[in-house]
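So the chains spell out like this:
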Amino acid sequence: MLKKGTKLYSILTGSCPRCQEESMYEKSNPYMLTQIFKMHERCSHCGLKYKIEPSFFYGAMYVSYAVGIAFAVAAFVISFLLIGASLKTAFIAIVGTLVVFMPVIIRLSRNIWINFFVKYDANSVQQHKHAVEN
């Protein structure tokens, strides 16, 4: 299920969507809040420029909304339907979930957004090395 070469692998690991050889982020821990948006300029393996254009990741805000809704629905189902908490407690669980998982939601949204535009290419590393040598 989580095999290299799939979009899901790149999205969940935060790796380069083209070669999936390295992380796009300078720090892999999303809970280092001062470093959450810090990304490498390019992939050192395939040369992919992560910020394809200025303000590229603004589109990830739309994805973030959908991912946040998914987390909120999951919190509601777990707290209200499975555990049997009151609506007030379920609301608190939703807010708590969104606050706690905010860094993860931001990173997932960026990963999903860039994977809309860049596809996996197993030969990209060799092509990049050949281009650099010449």
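Here's a quick rundown of the structure. As the structure is a computational prediction, the values presented were derived from the model and not from experiment.

Conventions used here
- Residues numbered from 1 in each chain as written.
- Predicted model: local features only at pLDDT ≥ 70, side-chain atom pairs only at ≥ 80, totals over all residues.
- Heavy atoms only, no water.
- Helix = DSSP H or I, 4+ residues; strand = E, 2+ residues; numbered from the N terminus.
- Buried < 20%, exposed > 50% of the residue type's maximum accessible area, 1.4 Å probe, protein only.
- Contact = heavy atoms within 4.5 Å.
- Expected span 1.5 Å × (residues − 1).
- Salt bridge = Lys/Arg side-chain N within 4 Å of Asp/Glu carboxyl O.
- Phe/Tyr/Trp six-rings, centres within 6.5 Å; stacked < 30°, edge-to-face > 60°.
- Lys NZ or Arg CZ within 6 Å of the ring centre and 35° of its normal.

1. A few points about the side chain of S109
Item 1. Within the secondary structure layout, S109 lies in helix α4 (residues 102-117).
Item 2. Residue classification places S109 among the buried positions, given a relative accessible area of 2%.
Item 3. Sequence-distant contacts of S109, that is, excluding residues within four places in its chain, are made with A60, V63, S64 and V67.

2. A word on helix α2 (residues 60-82)
Item 1. Across its 23 residues, α2 extends 31 Å between first and last C-alpha, which sits within 8% of the 33 Å expected from 1.5 Å per residue.
Item 2. If you check which residues of α2 are buried, you get A60, V63, V67, G68, A72, A75 and S79.
Item 3. Contacts from the buried residues of α2 go to α3 (87-100) and α4.
Item 4. G84, located one to two residues past α2, shows a positive phi value of around 85°.

3. A short note on the environment of F37
Item 1. Positionally, F37 belongs in the loop between α1 (7-13) and α2.
Item 2. For F37, a relative accessible area of 47% corresponds to the partly exposed category.
Item 3. Through-space distance from the C-alpha of F37 to that of K27 is 9.4 Å; in sequence the pair is 10 residues apart.
Item 4. Leaving out residues up to four positions away in the same chain, F37 has contacts with I106 and R110.

4. Points about the pattern of salt bridges
Any two side chains of opposite charge can pair, given that their charged atoms come close.
Item 1. With the rule as written, the count across this model stands at 1 salt bridge.
Item 2. For K4, the salt bridge goes to E21, with nearest N and O atoms at 3.1 Å. One end of the pair, K4, is in the segment before α1; the other, E21, is in the loop between α1 and α2, with 17 residues separating them in the sequence.

5. Here we look at the packing of aromatic side chains
Item 1. On inspection of all chains with the given rule, the structure shows 7 aromatic pairs.
Item 2. Relative to F57, the ring of F56 has its centre 4.9 Å away and its plane inclined at 75°; by these criteria the two rings are edge-to-face.
Item 3. Residue classification places F57 among the buried residues on the basis of a relative accessible area of 8%.
Item 4. Their ring planes at 70° and their centres at 5.1 Å tell us that W113 and F117 sit as a pair that is edge-to-face. Remark: F117 and W113 occur in helix α4; sequence separation between them is 4 residues, near one turn of the helix.
Item 5. Looking at F117, the relative accessible area reads 49%, which means it is partly exposed.
Item 6. In textbook terms, an aromatic cluster arises when at least three aromatic residues are bridged by ring pairs, as seen for F56, F57, W113, F116 and F117.
Item 7. The ring of Y25 is capped by R107, whose NZ or CZ atom sits 3.9 Å from the centre of that ring.
Item 8. Here the guanidinium or amino end of R110 rests over the ring plane of F57, the centre of that ring lying 4.6 Å away.

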